[in-house]
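Okay, here's what each chain looks like letter by letter:
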Amino acid sequence: MGIQNDCNEGKPCDGITVTHGLGRGVEKHAWCKTKKVRSAPTPLSPLLANVYLDKLDKFVETTLTPVYTRGERRRVNPPYGTLQRRASELRKIGKQGEAETLRHQMQLLPSLDPTDSGYRRMRYLRYADDWLIGYSGPRNEAEEIKHQVGAFLKETLHLTLSEEKTLLTHARSHPAKFLGYDIVVFNNNHKHDWRRHRSINGQSGLKVPPQVIRAKCQQFRHHGKPVARKERTEDTPYSIIAQYQQEYRGLAEYYQLAVNRSQLNRLKWVMERSLVATLAEKLRITVSQVYDRYETTMETPDGPRKALQATVEREGKRPLIARWGGISLARNKKAILADTVPQVWGERSELEKRLLADSCELCGSHEQVEVHHIRALKDLQQKGQGERPRWMYIMAARRRKTLIVCRSCHDDIHAGRVSGHRTRI
């Protein structure tokens, strides 16, 4: 077990959080302890976790929460109250300067007593098999809560807690990690509201973990610099821009609730430099020429913004438009992160759309278009294999087990006659 906490044994402190990971059982998506059963995660796993862990929810809500929740409000911190009364007396006799000095001293102290034994708060969250307990109280009581939850899981649900993932964290000094967010408790004596009162101390907040940004940036960098993704140069400029935008939008939309969402601007810069380098690599032009060709101004709810845009004209239909940019990084306090996939009836699959395009993805021919299948993507990356033919390169880059080809190219693939040299589509 890793413990991240700045408070000492028996001393109350705000924002202790207990985060966990289940050992054998829900985490491994197998409901028994035997090592022989290791089923792969499926879309049904979260539903099964909700059904199985419903008893844990009721145990925490009906047994633990009433015991570890008491008091309506913390009492005033005695040193703070003393300075407050003294400052009020000085104002009454006209000594505003001395009163203001005491006021500055007051703002270095907590206004409410953090050691108030008559005040406790406990909050419980769970999403599938990940859960988090927020507790305002001493560390030894947080240890008791962890022990009781562990005992309940073992005796009632026959599950064990993962010692590596079950952590006690002081949220003021170390963030608690939950569902990809960092959960923190703010403490800033210099952040004031319009009344000159400290406005954020003791409040909880969500942040984008720095390691998430670094890991995503690393996918588009080499030796610390943004580079072209050469495996994507087989796609059209429209598809390249659309794919970059989808990846960036997915991350930006998920972290709408983060107070430091603006930190994603660093990722945007890295991805944009990689995008224009990829387009320049594909089109054999310079980065400046990429901007000259694709840069435009688009209207957004926050006003006009510069963007990169690729348009595909279609006869008798509206043109296809892919844009990079235009996503605001302002925090959205009212955002609702919906994890349900909307059902779209009548929408064609990607494979159907590629078939209806009636074009060979190797040579561009429209004669007798067919589909080439492989068993698994790992077959495209066999160890010890020499230079891969172009069709394998394209399928690996797209991470698709199908390739739309004409009859001639299909015969060449099976006969091993397709060379590995790149040709323009």
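Right above here is the structure, for reference.
Everything numeric here is computed off the predicted structure, so don't read it as measured data.

J.: Help me out: how do you make sense of the sheet that holds strand β13 (residues 317–324) in this one?
T.: Sheet strands pair by backbone hydrogen bonding; their relative direction is either parallel or antiparallel. Overall, antiparallel pairing links the three strands, which are arranged β11-β12-β13 in an open sheet. What marks the edges here is a single partner per strand, and that holds for β11 (295–300) and β13. For this sheet the average axis-to-axis angle between neighbouring strands, irrespective of direction, equals 55°. Strand direction decides the pairing type here: β11 and strand β12 (residues 303–314), joined by six bridges, are antiparallel.

J.: How should I be thinking about the pattern of salt bridges in this particular structure?
T.: If charged atoms from side chains of opposite charge come close, those side chains can pair. Enumeration according to the criterion identifies 17 salt bridges in this entry. For E253, the salt bridge identified is with R261, shortest N-O distance 4.0 Å. Using a relative accessible area of 4% as the deciding quantity, one classes R261 as buried. In this structure, a network of salt bridges that share partners links the residues E100, R103 and R196.

J.: Looking at this model, I keep getting lost on the sheet that holds strand β7 (residues 181–185). Mind explaining?
T.: Ordered by their spatial adjacency, three strands build an open sheet running β6-β7-β8, and the pairing between neighbours is antiparallel. Of all strands in the sheet, those bounded by a partner on one side alone are β6 (176–178) and β8 (204–207). Put simply, the sheet's adjacent strands are angled 35° from each other on average, direction ignored. Bridging between β7 and β8 involves four bridges; their strand directions are antiparallel. Note that in β8 the partner of D182 across the bridge is K207.

J.: Quick question: what am I supposed to make of the nonpolar core here?
T.: If you look at soluble globular proteins, the nonpolar side chains tend to sit buried side by side. Counting 34 residues, the largest nonpolar core has Y248, L264, L267, L275 and W324 as the members making the most contacts within it. Among the secondary structure elements, those contributing two or more residues to this core are α6 (210–218), α7 (237–254), α8 (264–283), α9 (287–294), β12 and β13. No other element matches the eight residues that α8 contributes to this core. Counting 20 residues, the second-largest nonpolar core is a separate cluster that includes L53, I133, I145 and L153.

J.: Can you walk me through the side chain of R121 in this structure?
T.: By the secondary structure assignment, R121 is in strand β3 (residues 121–127). Of the buried charged residues, R121 lacks a salt bridge, with E72 as the closest side chain of opposite charge at 7.6 Å. Polar contacts involving the side chain of R121 include one to the main-chain carbonyl oxygen of R70, which spans 3.1 Å. Aside from chain neighbours lying at most four places away, what touches R121 is Y68, T69, R70, G71, E72, G134, Y135 and S136.

J.: Even after reading the chapter, I still don't get the state of the cysteines, so can you show me in this structure?
T.: The term disulfide refers to a covalent linkage connecting the sulfur atoms of a pair of cysteines. In total, this model carries zero disulfides according to the counting rule given. Not engaged in a disulfide, the cysteine C406 finds its nearest cysteine sulfur in C409; these two sulfurs lie 3.6 Å apart.

J.: What exactly am I supposed to notice about a nonpolar patch on the surface here?
T.: Together, L44, L47, L48 and V51 give the surface a local cluster of nonpolar side chains, amounting to about 370 Å² of exposed area. With respect to the secondary-structure elements, L47 resides in helix α1 (residues 45–52). Residue classification places L47 among the partly exposed positions, given a relative accessible area of 49%.

About the criteria used
Residues numbered from 1 in each chain as written. Predicted model: local features only at pLDDT ≥ 70, side-chain atom pairs only at ≥ 80, totals over all residues. Heavy atoms only, no water. Pairing = 2+ DSSP bridges. Helix = DSSP H or I, 4+ residues; strand = E, 2+ residues; numbered from the N terminus. Axes fitted to C-alpha atoms, helices over the stretch in contact; angles between N-to-C directions. Salt bridge = Lys/Arg side-chain N within 4 Å of Asp/Glu carboxyl O. Buried < 20%, exposed > 50% of the residue type's maximum accessible area, 1.4 Å probe, protein only. Core = buried A, V, L, I, M, F, W, Y, C linked by side-chain atoms within 4.5 Å. Lys, Arg positive; Asp, Glu negative; His and termini not counted. Polar contact = N/O pair within 3.5 Å; in protein donor to acceptor, adjacent residues only side chain to side chain. Contact = heavy atoms within 4.5 Å. Disulfide = S-S within 2.5 Å. Patch = residues over 30% accessible without salt bridge, like charges linked within 9 Å, V, L, I, M, F, W, Y side chains within 5 Å. Areas by Shrake-Rupley, 256 points an atom, 1.4 Å probe, with all protein chains shown as cover.

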